[in-house]
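Next come the chains, spelled out residue by residue.
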Amino acid sequence: MALPPHDERTLPAVVLRDVDRRPLEHALAEMQTLVEQHGHVIVVCSPAAPTAVQRRLHTLRSLMESDRIALFRPELPPLGIAVLARQLRQLASCDISPGVLASAGRLLVHYIHAGALLGSVARLDRVPVGLKSHAKSWVPGSQFGVLAHPEPQLVRITPEAALPGPEFGTWMLVAKGQLPSDWVTGTLAPSWKAQGLREVPLPAESPGWWGTGKMVEFCSYLPDLSVLYQLVTSVRRGSCHWCGIDVIGDRCVFCSVMPPVHDSPPPEQPENRTAVG
């Protein structure tokens with residue numbers, strides 16, 4: 001799901017629709033056009049995407065023999081993937097090189113808290129679920145709060161139920177499925193000290209990812225471009241000795257070669273400031 005722009009500077013998203021079902025030559029032509037128009041392409045793909053999609057993306061990159069296409073598969077639920085992609089679109093409007101921008105995705109993942117309110121965890125296989133929770137999920141009316149990232153956690157919804165949230169100021173995005181969102185908006189968001197709350201449609205992949213359509217997906221994130229820019233530009237940069245592009249972190253995301261320079265330090269806590277929505 002491509003989220004709407006957060007502000008007037010946010011670049012539009014390019015959605016590669018039906019990339020695994022269209023003729024290979026059509027998908028190849030589209031990717032070639034994108035590279036020619038923009039110079040570099042960062043493809044953000046969910047690990048939950050069908051295997052055929054992932055294979056097609058690698059096929060396209062191999063056929064083009066290009067080191068200007070980065071394939072990024074962050075371990076996030078669908079709404080978290082959409083949030084991260086929009087943050088990269090925000091940063092793409094700044095004076096950040098393609099290699100640093102592509103590397104920034106792995107840094108920004110640390111600042112995303114993603115989870116869901118579920119009516120059942122019987123088919124949830126992406127977050128550890130104990131046998132007791134499985135048994136309780138069959139009790140009519142049971143609901144569960146699940147945090148998938150950064151640290152998996154599951155609680156049964158009771159008046160005392162709580163999930164650990166971010167220790168810095170964030171906004172919260174809420175996508176409603178087939179459950180009321182009262183607990184998320186009235187209990188979780190205040191406990192996380194969310195500075196703002198917005199609602200968006202539920203991503204099409206969410207019911208499959210969470211194992212049920214009886215859900216409300218949520219994600220806390222940093223919306224302020226100045227904070228995102230400060231985080232990314234404060235990390236030590238290196239140059240990939242294979243393709244020569246600037247990178248941050250321990251691996252070039254365009255050619256997957258380890259840079260022969262210092263590793264980046266652990267992520268810093270962003271300043272707790274009021275975000276401009």
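Notes on the structure in this doc start here. Computed from a predicted model, the values in this text were never measured in an experiment.

## What to know about the overall build of the protein
Logical step 1: Secondary structure assignment for the protein yields eight helices and ten strands.
Logical step 2: Taking all 277 residues of the protein together, 48% fall into the buried category.
Logical step 3: In the protein, once contacts between residues fewer than 6 apart in sequence are set aside, the share between residues at least 24 apart is 71%.
Logical step 4: Working note: accessible area of the protein is about 13,700 Å², and carbon and sulfur atoms make up 51% of it.

## Observations regarding the sheet that holds strand 6 (residues 171–176)
Logical step 1: On the basis of which strands lie adjacent, the open sheet formed by six strands has the order 5-4-3-8-6-7 and mixed pairing. In this open sheet, the two edge strands, each paired with only one partner strand, are strand 5 (153–156) and strand 7 (197–200). The sheet shows a mean angle of 20° between the axes of neighbouring strands, direction not considered.
Logical step 2: In this sheet, strand 8 (residues 215–221) lies alongside strand 3 (residues 113–118) in antiparallel orientation, the contact comprising six bridges. Among the inter-strand pairings, histidine 113 is bridged to a residue of strand 8, identified as serine 220.

## Remarks on the environment of histidine 6
Logical step 1: Turning to its location among the elements, histidine 6 is positioned in the segment before helix 1 (24–38).
Logical step 2: For the pair histidine 6 and aspartate 224, spaced 218 residues apart in the sequence, the C-alpha separation amounts to 9.1 Å.

## Examining the nonpolar core
Logical step 1: Counting residues in hydrophobic clusters, the biggest one holds 36 residues, and the most contacted among them are Leu91, Leu108 and Val232.
Logical step 2: Within the residue set of this core, elements represented by two or more residues are helix 3 (78–91), helix 4 (98–108), strand 6, strand 8 and helix 8 (225–233).
Logical step 3: Apart from the residues within four sequence positions on either side, leucine 91 is in contact with Ile96, Leu101, Ala104, Leu108, Leu225, Leu228, Tyr229 and Val232.

## Here's the deal with the packing of helix 4 against helix 8
For any two helices packed against each other, one specifies the crossing angle of their axes together with the interaxial distance.
Logical step 1: Orientation of helix 4 relative to helix 8, taken along the N-to-C sense of each, is 100°, at an axis distance of 10 Å. As the angle between them shows, helix 4 and helix 8 are arranged roughly perpendicular. Along the contact surface, helix 4 presents Val100, Ala104, Leu107 and Leu108, while helix 8 presents Leu228, Leu231 and Val232.
Logical step 2: Class assignment of the residues belonging to the contact of helix 4 with helix 8 gives a composition of seven nonpolar, no polar and no charged.

## Points about the packing of helix 3 against helix 8
Logical step 1: The contact between helix 3 and helix 8 brings their axes to 10 Å, and the two run at 85°. By the angle between their directions, the pair helix 3 and helix 8 is classed as roughly perpendicular. Of helix 8, the residues touching helix 3 (which contributes Gln87, Gln90 and Leu91) are Leu225, Leu228, Tyr229 and Val232.
Logical step 2: Grouping the amino acids of the contact of helix 3 with helix 8 by side-chain chemistry returns five nonpolar, two polar and no charged.

## Overview of helix 1
Logical step 1: Taking 1.5 Å per residue as the helical rise, helix 1 with its 15 residues ought to reach 21 Å, and the 21 Å between its terminal C-alpha atoms agrees with that figure.
Logical step 2: Listed in full, the buried residues belonging to helix 1 are Ala27, Leu28, Met31, Leu34 and Val35. Down the axis of helix 1, the buried set is contained in an arc of 125°. They therefore lie on one face. Relative to its buried face, helix 1 has exposed residues pointing more than 90 degrees away, namely Glu25, Glu36 and Gln37.
Logical step 3: For helix 1, the secondary structure elements touched by its buried residues are strand 1 (41–44), helix 2 (51–64) and strand 2 (69–72).
Logical step 4: With its phi angle positive at about 90°, glycine 39 sits one or two positions after the end of helix 1.

Rules behind the numbers
- In this numbering scheme, every chain counts its residues from 1 along its sequence in written order.
- In keeping with the model being predicted, local features are shown solely for residues with a pLDDT of at least 70 and side-chain atom pairs are shown and tallied solely at 80 or more, while totals for entire chains, interfaces and linings include all residues.
- Hydrogens are left out, water is left out, and the side-chain values use all remaining heavy atoms of the structure.
- In this description a helix means any DSSP run of H or I spanning at least four residues, a strand means any run of E spanning at least two, and both kinds are numbered starting from the N terminus.
- Here the term buried applies to any residue with accessible area under 20% of the maximum for its type, exposed to any over 50%, and partly exposed to those in between, with areas from a 1.4 Å probe on protein chains only.
- Contacts between residues were defined by any pair of non-hydrogen atoms, one from each residue, lying within 4.5 Å.
- Here the open area of atoms and residues is found with the Shrake-Rupley method and a 1.4 Å probe, where only the protein chains shown may cover a residue.
- In this analysis, strands are considered paired if DSSP registers two or more bridges between them.
- A fitted line through C-alpha atoms serves as each axis, taken over the contacting stretch for helices, and the angle formed by two N-to-C directions is quoted from 0 to 180°.
- Within this scheme, the nonpolar core is defined by two criteria: the residues are buried Ala, Val, Leu, Ile, Met, Phe, Trp, Tyr or Cys, and they are joined through side-chain atoms within 4.5 Å.
- Relative orientations are named as follows: roughly parallel for angles under 35 degrees, roughly antiparallel for angles over 145 degrees, roughly perpendicular for angles from 65 to 115 degrees, and oblique for any other angle.
- Under the scheme applied, nonpolar residues are Ala, Val, Leu, Ile, Met, Phe, Trp, Tyr, Cys and Pro; charged residues are Asp, Glu, Lys and Arg; polar residues are all the others, including Gly.
- Expected span of a helix, by definition, is 1.5 Å for each gap between consecutive residues, and there is one gap fewer than residues.
- Arc definition: it is the arc formed by the directions from the helix axis to the C-beta atoms.

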